[in-house]
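So the chains spell out like this:
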Amino acid sequence: MREVVVLGVGIHPFGRFGDKSAIEMGAEAVRMALGDAGVTWNDVQFAFGGSFEVDNPDAVLGRLGRTGIPFMDVYNGCATAATALELTADGIRSGKYDIGVAVGMDKHGHGAFTSDPVHYGAPSWYGDAGMFLTTKFFGMKINRYMHDFGISHETLARVASKNYENGSLNPNALRRTPMSVEQIMESRMLNYPLRQYMFCSPDEGAAAVVLCSAEKARQLTSNPIFLRATALRTRKAGAYEVHSSSTFPEHEPAPTVFASQAAYEQAGIGPEDVDIVQLQDTDSGAEIIHMAENGFCNDGEQEQMLADGDTRITGRLPINTDGGLIANGEPIGASGLRQIHELVQQLRGNAGERQVPGNPKVGYSQLYGAPGTAGVSIVSL
Amino acid sequence: MPLVVPFAEDVFTWPSDKPQLIGCKCSECSAVFFPEQSACGRCGSTAVERELLPTTGTVYSWTSQEFLPPPPYAGGETRDTYQPMGIGLIDLEGVVMVEARLTECDPDRIHIGDRVEMVIVPFRSDDDKDVVTFAFKPV
Ligand SMILES: [Zn+2]
């Protein structure tokens, strides 16, 4: 299979933008990625567009130029952006195309996501009973994890505080005001042990990448960033997942564990080789659990790591350097491409005030969410 | 007396002196699921049989639902009348784990590892009938 390079990245800020449509934001993100890549829309041979709210992401063509290329719309839960990225990469790996675009865009209302549980394969009464909520799943998962591995309430607050601090350094973030551990601990309980300021919010935004075969990239850039791995996995029977009315008494590992292993194998590296990490922090508990599920620590070590500041920008394993979902919110279609945008800025040394010191060379990103789907991508110099 | 009806059909046996959750068991691989479904979620076999589940178990984990769940929640409360509820993942004697409402949501009154039993609790009052649901209560 051919090697793939991330030639350019673009982002429309994440936040709330009144009447501006997700499609406009998507087109802006693509334009920025094209400019960053040094190519034009006419050079692009195919594209994948991801969204939850937009039925037809291919409408960005009307803002970029109707060149007639194949443009495929995808939705795959919280792993939508990782899916658009993987499919675009596969189109190049296979030799079918040389240059493609993956774009994600969304525009959500306020409050937790809601849908018809029947469309998730859950019983119709599951919603009537008040169970069809992702937030209560995250509350239960981290409550058990804290019990089993000695994670404190303060550590949950430390994760959120770190991500707000990183968000304050990111001009594209939704939340740019630092928040202390105490303020977070005093915020309203939503789903024990998770409080208001420990959760991300659905919001609006877009992000895009231009991918290119390594061969072709040699003509276009002297500093390529390689897309070393992309992996997607769904939940196995017996895993305890979002929207599970039942599960087996002995749980299977979460899909992130399998996606992570597959991605390391593809890239030929291990977690010890990773310099900078973007994890799905739907809530601060999710970031803690995902640190272990992706191989960055053993269960329970997070308590000391957070106390020591290991995952801050200046720490030994910076996590969610752009503020993650907690500071950026989650426009589902765009979220994973925001992670890639941040990793590319960091590997190029262009992350400004957020720059991780020591010239990071390997970046890792992970998505997880409803309906129990995970995506992992690895990039490197 | 008003009619007492379950909030949904085929979730638990009703009317009954000792209501039980209605699950199913795969005849091929013995996996158990709740509620009853048409095929096995582990092996795909369509040879699944109705199985009544144990009424006692242990709290594997729990959380509180402090805000009024958005639609399609059908409990009938408003933002002003809603009282937080507990939600747990209950290990039913090693047979299967189910998500269920808890009668408690205060960390001083419910804990991981607590023994619980199934009870039928009020869900909503309609004009002419009382709608009930299942929940688990510490024993
Ligand atoms: Zn089976």
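Everything below is about the structure printed above this text.
Residues numbered from 1 in each chain as written. Chains lettered and ligands numbered in written order. Predicted model: local features only at pLDDT ≥ 70, side-chain atom pairs only at ≥ 80, totals over all residues. Heavy atoms only, no water.

Novice: Could you give an account of the layout of surface pockets, with specific residues and numbers?
Specialist: A volume near 540 Å³ is recorded for the second largest pocket. Lining the second largest pocket are 24 residues, and of these A:R235, A:H243, A:S244, A:S246 and B:Q37 lie nearest its centre. Counted by class, the lining of the second largest pocket contains eleven nonpolar, nine polar and four charged residues. (1 Å grid on protein atoms, 1.4 Å probe; cavity = no way out; pocket = protein on both sides within 12 Å on 5 of 7 lines; lining within 4 Å. Points joined across faces, edges and corners; volume = space filled by probe spheres on them. Nonpolar A, V, L, I, M, F, W, Y, C, P; charged D, E, K, R; others polar.)

Novice: I'd love a proper account of the interface of chain A and chain B, names of residues and values included.
Specialist: Taken together, the contact pairs 33 residues of chain A with 43 residues of chain B. Carbon and sulfur atoms supply 64% of the area buried between chain A and chain B, which totals about 3,200 Å² over both sides. Our enumeration of links across chain A and chain B arrives at one salt bridge. For B:E99, the salt bridge identified is with A:K136, shortest N-O distance 3.3 Å. Our count for the chain A to chain B interface comes out at 18 residue pairs in polar contact (both at pLDDT 80 or more). Among the elements of the structure, α4 (125-128), α5 (134-149), β5 (189-191) and β9 (246-247) of chain A are those that each provide at least two residues to the side of chain A that touches chain B. Within the side of chain A that touches chain B, the residues separate by chemical class into 15 nonpolar, 14 polar and four charged. Pairing geometry for β9(A) and strand β7 (residues 97-102) of chain B, over two bridges, is antiparallel. The residue of β7(B) that forms the bridge with A:T247 is B:M97. (Contact = heavy atoms within 4.5 Å. Buried area = accessible area lost by both parts, 1.4 Å probe. Salt bridge = Lys/Arg side-chain N within 4 Å of Asp/Glu carboxyl O. Polar contact = N/O pair within 3.5 Å; in protein donor to acceptor, adjacent residues only side chain to side chain. Helix = DSSP H or I, 4+ residues; strand = E, 2+ residues; numbered from the N terminus. Pairing = 2+ DSSP bridges.)

Novice: An account of unusual backbone geometry is needed here, citing residue identities and associated values.
Specialist: Note: most peptide bonds trans; most residues except glycine with negative phi. Here the bond from B:W14 into B:P15 is cis, since omega is -5 degrees, no more than 30 degrees from zero. Mapping B:P15 onto the fold places it in the loop between β1 (3-6) and β2 (22-26). Phi at A:H243 takes a positive value of approximately 60 degrees, unusual for a residue other than glycine. Within the secondary structure, A:H243 is located in the loop between β8 (225-234) and β9. One non-glycine residue with positive phi stands out, namely A:N320, at about 55 degrees. Note on placement: A:N320 falls in the loop between α11 (302-307) and α12 (324-328). Classification of A:N320 by relative accessible area gives buried; the value is 0%. (Buried < 20%, exposed > 50% of the residue type's maximum accessible area, 1.4 Å probe, protein only.)

Novice: Can you tell me about the packing of helix α3 (residues 80-93) of chain A against helix α13 (residues 332-348) of chain A, naming the residues and giving the values?
Specialist: Helices that pack against each other are described as a pair by the angle of their axes relative to one another and the distance between those axes. Residues and elements named next belong to chain A. As a packed pair, α3 and α13 sit with axes 6 Å apart at the nearest point and diverge in direction by 65 degrees. On the side of α3, the interface is formed by T80, A81 and L85, while α13 contributes I332, G333, A334, S335, G336, L337 and I340. For the contact of α3 with α13, a count of residues per class yields six nonpolar, four polar and no charged. (Axes fitted to C-alpha atoms, helices over the stretch in contact; angles between N-to-C directions.)

Novice: Account for helix α10 (residues 284-293) of chain A, with residues named and values stated.
Specialist: Residues and elements named next belong to chain A. The element α10 is extensively covered by neighbouring structure, given that ten of its ten residues are classed as buried. Along α10, the residues classified as buried are S284, G285, A286, E287, I288, I289, H290, M291, A292 and E293. By the N-cap criterion, in which a side-chain oxygen at the helix start approaches the backbone nitrogen of a residue two or three places on, α10 is capped by D283, the distance to G285 being 2.7 Å. Of the residues one or two after α10, G295 is the one with positive phi, at around 85 degrees.

Novice: Any details on the sheet that holds strand β2 (residues 46-50) of chain A? Residues and values, ideally.
Specialist: Residues and elements named next belong to chain A. In space, the nine strands of this open sheet follow the order β3-β2-β4-β7-β1-β8-β12-β11-β10, with mixed pairing throughout. The sheet terminates laterally at β3 (71-74) and β10 (276-278), the two strands that pair on one side only. Taking each pair of neighbouring strands and ignoring which way they run, the sheet shows an average axis angle of 20 degrees. Here strand β11 (residues 362-369) pairs with strand β12 (residues 373-380) via eight bridges, running antiparallel. Bridge pairing in β12 places Y368 opposite A374. Across the face of the sheet, α13 comes into contact with β1 (4-15), β2, β4 (99-107), β7 (204-213), β8, β10, β11 and β12 while running at roughly 120 degrees to β1.

Novice: Explain the environment of A:N76 to me, and be specific about the residues and the numbers.
Specialist: All names here are of chain A. Topologically, N76 is positioned in the loop between β3 and α3. Here N76 falls in the partly exposed class, since its relative accessible area comes to 26%. Measuring from C-alpha to C-alpha, the distance between N76 and P371 comes to 8.7 Å, with 295 residues separating the pair along the chain. Not counting chain neighbours up to four residues away, the residues in contact with N76 comprise T83 and T373. A distance of 2.9 Å separates the side chain of N76 from the side chain of T83, its partner in a polar contact.

Novice: So what about the coordination of the zinc ion? Which residues, and what values?
Specialist: Residue and element names in this part refer to chain B. Distances from the zinc ion to its protein donors, C26 (SG), C29 (SG), C40 (SG) and C43 (SG), fall within 2.3 Å. The sequence pattern formed by the donor residues of the zinc ion is C-x2-C-x10-C-x2-C. Assessed through its relative accessible area of 22%, C29 is described here as partly exposed. (Donors = N, O, S within 2.8 Å, 3.2 Å for Na, K, Ca; no water.)

Novice: Just give me the short version of empty space enclosed by the protein, but keep the residues and values in it.
Specialist: By the definition in use, this model includes five cavities of 30 Å³ or more. Lining the largest cavity, in full, are A:A129, A:M131, B:F7, B:A100, B:R101, B:F123, B:T133 and B:F134. Among the secondary structure elements, those contributing two or more residues to the lining of the largest cavity are β7 and β9 (129-138) of chain B.

Novice: Got a sec to walk through the sheet that holds strand β4 (residues 48-52) of chain B? Specific residues and values, please.
Specialist: Residue and element names in this part refer to chain B. Across the sheet, three strands lie side by side as β3-β2-β4; this open sheet has antiparallel pairing. Taken across any chain shown, the strands that pair with only one partner, and hence form the sheet edges, are β3 (32-33) and β4. With two bridges joining them, β2 and β3 adopt antiparallel strand pairing. Note that in β3 the partner of K25 across the bridge is V32.

Novice: Tell me about the packing of helix α6 (residues 153-168) of chain A against α10(A), and please be specific about residues and values.
Specialist: Residues and elements named next belong to chain A. Axis separation between α6 and α10 bottoms out at 8 Å; the angle between their running directions is 100 degrees. Regarding the angle of α6 to α10, the classification is roughly perpendicular. Of the residues in α10, those touching α6 at T155, L156, V159, A160, K162 and N163 are S284, G285, E287 and I288. Along the lines of polarity and charge, the residues of the contact of α6 with α10 split into four nonpolar, four polar and two charged. (Parallel < 35°, antiparallel > 145°, perpendicular 65-115°, else oblique.)

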